[in-house]
Amino acid sequence: MKFSLSLCIAGLLAQAPHAHAQALAPGLHDPGAIDRAVASFTGQPIGAPGGAARPIDRRLRLGACAAPLALSWRGEAHASILVECPDAGGWHLFVALAAGARQTAAAPVIERGQSVTVALTGDGFSVTQSGEALENGAVDAWIRVRTVAKGEPLQARVVRPGLVEVPVE
């Protein structure tokens, strides 16, 4: 059964006791391989406009994938990439891209430090809570937000002034 990274991120991160330089455990997918696949798909390195905004979090514990990863653009704005393990019971995650010229030309509607409403949205539901923007962002841009004072930042898409969303599938 597939699961959404957005729903499982807290549990996955809680399973990783150390955030730095962990040896890859048997049966887990190499996050570096995901970084390389995204760079190959976009044609841009991590941090470059159009490439992944940042490396895959090394604390994630994704099961090994026997089949080649499937990558596709998510949405018309091409602001993120869907990475999937097509194995039975595989996983999928979304990789936010660094802003390109088209995205940065729009004026930010959310500024760093601003209080925002974070909406987790899925098929037939929406759950909201307060958060703080950790970056400036224009409509449709992906920015980092924090929902609790010491919580891990999330990637969220700017919907309008004061509102960001984290899509859940």
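Residues numbered from 1 in each chain as written. Predicted model: local features only at pLDDT ≥ 70, side-chain atom pairs only at ≥ 80, totals over all residues. Heavy atoms only, no water.

Of regular secondary structure, the protein chain possesses three helices and eight strands. Shown N-terminal to C-terminal, the secondary structure of the protein chain runs as helices and strands in the order α-α-β-β-β-α-β-β-β-β-β. Across the 169 residues that make up the protein chain, the buried fraction comes to 38%. The contacts of the protein chain with a sequence gap of at least 6 include a subset with a gap of at least 24, amounting to 51%. As displayed, the protein chain has an accessible area near 9,100 Å², and 55% of this comes from carbon and sulfur atoms. (Helix = DSSP H or I, 4+ residues; strand = E, 2+ residues; numbered from the N terminus. Buried < 20%, exposed > 50% of the residue type's maximum accessible area, 1.4 Å probe, protein only. Contact = heavy atoms within 4.5 Å. Areas by Shrake-Rupley, 256 points an atom, 1.4 Å probe, with all protein chains shown as cover.)

Ranked by internal contacts, the top residues of the largest apolar core, which has 15 residues, are Ile 34, Val 38, Val 83, Trp 91, Leu 93 and Val 95. For this core, the elements supplying multiple residues, two or more each, are helix 2 (31–42), strand 2 (80–84) and strand 3 (92–96). In contact with Ile 34, other than residues within four places in its own chain, are His 29, Ile 56, Leu 62, Leu 69, Val 83 and Trp 91. Membership of the second largest hydrophobic core comes to 11 residues, among which are Ile 110, Val 145, Leu 154 and Val 164. (Core = buried A, V, L, I, M, F, W, Y, C linked by side-chain atoms within 4.5 Å.)

For the rest of this paragraph, the subject is the state of the cysteines. In the structure shown here, the tally under the stated rule is one disulfide. In this model Cys 65 forms its disulfide with Cys 85; the gap between the sulfur atoms is 2.2 Å. Its S-S torsion of approximately 100° makes the covalent link between Cys 65 and Cys 85 right-handed. With a gap of 20 residues between them, Cys 65 in the loop between helix 2 and strand 1 (70–74) and Cys 85 in the loop between strand 2 and strand 3 connect regions that are remote in the sequence. (Disulfide = S-S within 2.5 Å.)

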